[in-house]
Amino acid sequence: MSEIITPSQTVGPFFAYGLAPRGRAHWDPNGTYSWKETIGDNLVTPDASGDKIQIEGRITDGDGQPINDAMIEIWQADAQGRYANSRDDRALPNTQFKGFGRSATDKNGIYGFRTIKPGAVPGPNGKSQAPHIVVCIFSRGMLRQIYTRLYFSDEKANDLDPILNLVPAARRGTLIAHRELRGGSAVYRFDIRVQGKDETVFFDI
Amino acid sequence: MSLIYPKDSLSVYPKHLSPEYRSTVKRSPSQPLIVVPHTLSELTGPVYGHNAIQEHDNDLTKQHKGEPLGERIIVHGHVLDEDKRPVPDTLVEIWQANACGRYVHIVDQHPAPLDPNFTGAGRTVTDKKGYYKFITVKPGAYPWGNHHNAWRPNHIHFSVFGHSFLSRLVTQMYFPGDYLFPFDPIFNSVTDEKARHRMVSSFDLENTIPDWALCFRFDIVLRGREATPLDEEKH
């Protein structure tokens, strides 16, 4: 008989000083408090190989209003498609790249990361998954996290991705981050619409 | 260790849309979530070891020049999986209001005093037995705008990782016997009484330190259990 798991509760509006103190959210009421950051929005480590990219987007609610108190977490493989976790037995300890990041949104609902573009990773039934990032969203007004995935607009492998192919074709576009060049570096734009028109696909996992 | 994450276990979670908590109305997906298999991407997750924390990170009463005001308390417990096995070496983060019910956040305009000696954030990593401990002060109740005369029960926010991105949990720890429980739509968004009880710490006299601090025990059960032979057949 399994134990009842501890239920989720909302992250609330005040998490930033604890969970993302150096991030985009403005929280310090008088400039005198501080808290060290453990997890930030820059995943790039000096020894990480691969293409350095930025990810940026806006998260909006059912009225199209920016959500200025959300926390976006991302989990991804390295450029060789390996996860820094013991369950991935292909993982090699040759890099400090952790593959995890956290960004609180700013007052305009914008979040962002600096990272390395992930490689393709193994999928179900021996198929390969296109390069992607798992995205987990927390916010005031969300009693539990919602999961989505970010895929890259310049990847042909998307057409064969076993997870994307479970998504109705008309909604697949909500999972594609669009590549732009800004000052010579690649920025992938990934807006998240929590509810309503062009609602982002969220996963039941 | 190879865990599975049965979705049935999530049945105790609040619904995304719980209209009594008004902010869920525009912040919950309206389309059905798409069912997908758990792949390596979900079955792995970030690992933060003991190098992620520093001395006093788990003692919220020692982060400033002086001691914070309020009732000093110890909050401790174990992080477990669904089989009651310990989850070792996992990051536990907390944040909370001060003893007056005020958060160190510019958005919090509750007219209760800030405490220059209390930020209200802490973190630790569980030991080999899944054990964690914080020293802090008891957070105060505070008003919020959900409905007329709405007050949150005393609570400490918890963020825990576990073995994979599927075991990721953000929750709130409540205190036993809080008179605000019946009126709080966030607490009551968990409709199963036993599951609600999971979020309530218990008073721990045995570990209360005489002449120094009350103690509360809060065990956290994360998603994930060992597959049974029956589960293996299904796969």
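Refer to the structure above for everything that follows.
Residues numbered from 1 in each chain as written. Chains lettered and ligands numbered in written order. Predicted model: local features only at pLDDT ≥ 70, side-chain atom pairs only at ≥ 80, totals over all residues.

**Focus on the overall build of chain A**
For clarity, the cut-off: Think of it this way: any DSSP run of H or I at least four residues long counts as a helix, any run of E at least two long counts as a strand, and we number them from the N terminus. In this description the radius of gyration comes from C-alpha coordinates, and the expected globular size is given by 2.2 Å times residues to the power 0.38. C-beta atoms are placed from the backbone for every residue, and two residues are taken to be in contact when these atoms lie within 7 Å.
Along the backbone of chain A there are 2 helices and 12 strands. Secondary structure elements of chain A, listed N to C terminal, follow the sequence α-β-β-β-β-β-β-β-β-α-β-β-β-β. Its C-alpha atoms give chain A a radius of gyration of 17 Å, near enough to 17 Å, the size a compact globule of 205 residues would have. With respect to the three principal axes, the spread of C-alpha positions in chain A is 55 × 50 × 40 Å. Contacts spanning at least 24 positions in sequence make up 69% of the contacts within chain A whose residues lie at least 6 apart.

**Points about the overall build of chain B**
Tallying secondary structure elements over chain B gives 3 helices and 14 strands in all. Taken over the C-alpha trace, chain B has a radius of gyration of 19 Å; the compact-globule value for 235 residues is 18 Å, and the two agree within 12%. Long-range pairs, those at least 24 residues apart, make up 72% of the contacts in chain B between residues at least 6 apart in sequence.

**Here we look at the interface of chain B and chain A**
The criterion, for reference: Ten residue types, Ala, Val, Leu, Ile, Met, Phe, Trp, Tyr, Cys and Pro, are classed as nonpolar, four, Asp, Glu, Lys and Arg, as charged, and the remainder, Gly among them, as polar. At least two bridges found by DSSP between two strands is the condition for calling them paired.
Counting from both sides, the interface comprises 71 residues of chain B and, opposite them, 67 residues of chain A. Residues of the side of chain B that touches chain A, tallied by class, amount to 37 nonpolar, 20 polar and 14 charged. Where strand 12 (residues 203-204) of chain A lies against strand 2 (residues 34-35) of chain B, 2 bridges are found, and the strand directions are parallel. For Phe-203 of chain A, the partnering residue across the bridge sits in strand 2 of chain B and is Ile-34 of chain B.

**Quick notes on the environment of Arg-217 of chain B**
As for its placement among the helices and strands, Arg-217 of chain B is situated in strand 12 (residues 214-217). For the pair formed by Arg-217 of chain B and Arg-152 of chain B, sequence separation is 65 residues and the distance between their alpha carbons is 21 Å.

**Here's the deal with the pairing of strand 3 (residues 100-104) of chain A**
Residue and element names in this part refer to chain A. Put simply, the rule reads: For every residue, the other C-beta atoms within 10 Å of its own C-beta are counted; 20 or more classify it as buried, 12 or fewer as exposed, and values in between as partly exposed. C-beta atoms are placed from the backbone.
Burial analysis of strand 3 places 5 of its 5 residues in the buried class, which makes it a mostly covered element. The sheet contact formed by strand 2 (residues 70-76) and strand 3 spans 5 bridges and is antiparallel. When the sheet's bridge partners are listed, Trp-75 is paired in strand 3 with Phe-100.

**Section: the pairing of strand 4 (residues 91-96) of chain B**
Where a strand is regular, its side chains alternate between the two sheet faces. Residue and element names in this part refer to chain B. The buried fraction of strand 4 amounts to 6 of the 6 residues, a majority that puts the element mostly inside the structure. Neither face of strand 4 is exposed, since Leu-91, Glu-93 and Trp-95 on one face and Val-92, Ile-94 and Gln-96 on the opposite face are all buried. Of the pairings in the sheet, the one linking strand 4 to strand 5 (residues 121-125) comprises 5 bridges and is antiparallel in character. Paired with Trp-95 across the strands is Ala-121, a residue of strand 5. Sheet topology places strand 4 next to strand 9 (residues 155-160); 5 bridges connect them, and they run antiparallel. Looking at the pairing, Ile-94 lines up with Phe-158 of strand 9.

**Structural notes on the sheet that holds strand 5 of chain B**
Residue and element names in this part refer to chain B. Definition in use: Angles here are taken between N-to-C directions and fall from 0 to 180 degrees, while the axes themselves are lines fitted to C-alpha atoms, restricted in helices to the stretch in contact.
Within the open sheet, the 4 strands sit side by side as 5-4-9-10. Their pairing is antiparallel. Each edge of the sheet is formed by a strand with only one pairing partner; in this case those strands are strand 5 and strand 10 (169-174). Pairs of neighbouring strands in the sheet enclose a mean axial angle of 20 degrees, with direction left out of account. Where strand 9 lies against strand 10, 6 bridges are found, and the strand directions are antiparallel. Of the residues in strand 10, the one forming a bridge with Ile-156 is Met-173.

**Some points on unusual backbone geometry**
All names here are of chain B. Non-glycine residue His-56 carries a positive phi angle of around 75 degrees. By the element assignment, His-56 lies in the loop between helix 1 (40-43) and strand 3 (72-80). Of note, the phi angle at Asp-89 is positive, near 55 degrees, even though the residue is not glycine. Note that Asp-89 resides in the loop between strand 3 and strand 4.

**A closer look at the environment of Lys-117 of chain A**
Residue and element names in this part refer to chain A. Within the element layout of this structure, Lys-117 appears in the loop between strand 4 (110-116) and strand 5 (121-122). Along the sequence, Lys-117 and Gln-80 sit 37 residues apart, while their C-alpha atoms lie 9.4 Å from each other. Those residues in contact with Lys-117 that lie beyond four places of it in its chain are Gly-50, Asp-51, Ile-53, Ala-79, Pro-131 and Phe-152.

**Here we look at the environment of Pro-86 of chain B**
Residues and elements named next belong to chain B. Its location among the elements puts Pro-86 in the loop between strand 3 and strand 4. Residue Pro-86 is classed as partly exposed on the basis of its 16 C-beta neighbours within 10 Å. Taking C-alpha positions, Pro-86 is 36 Å from Lys-65, a pair spaced 21 residues apart along the chain. Contacts of Pro-86, omitting those with residues within four sequence positions, involve His-78, Leu-80, Lys-129 and Gly-130.

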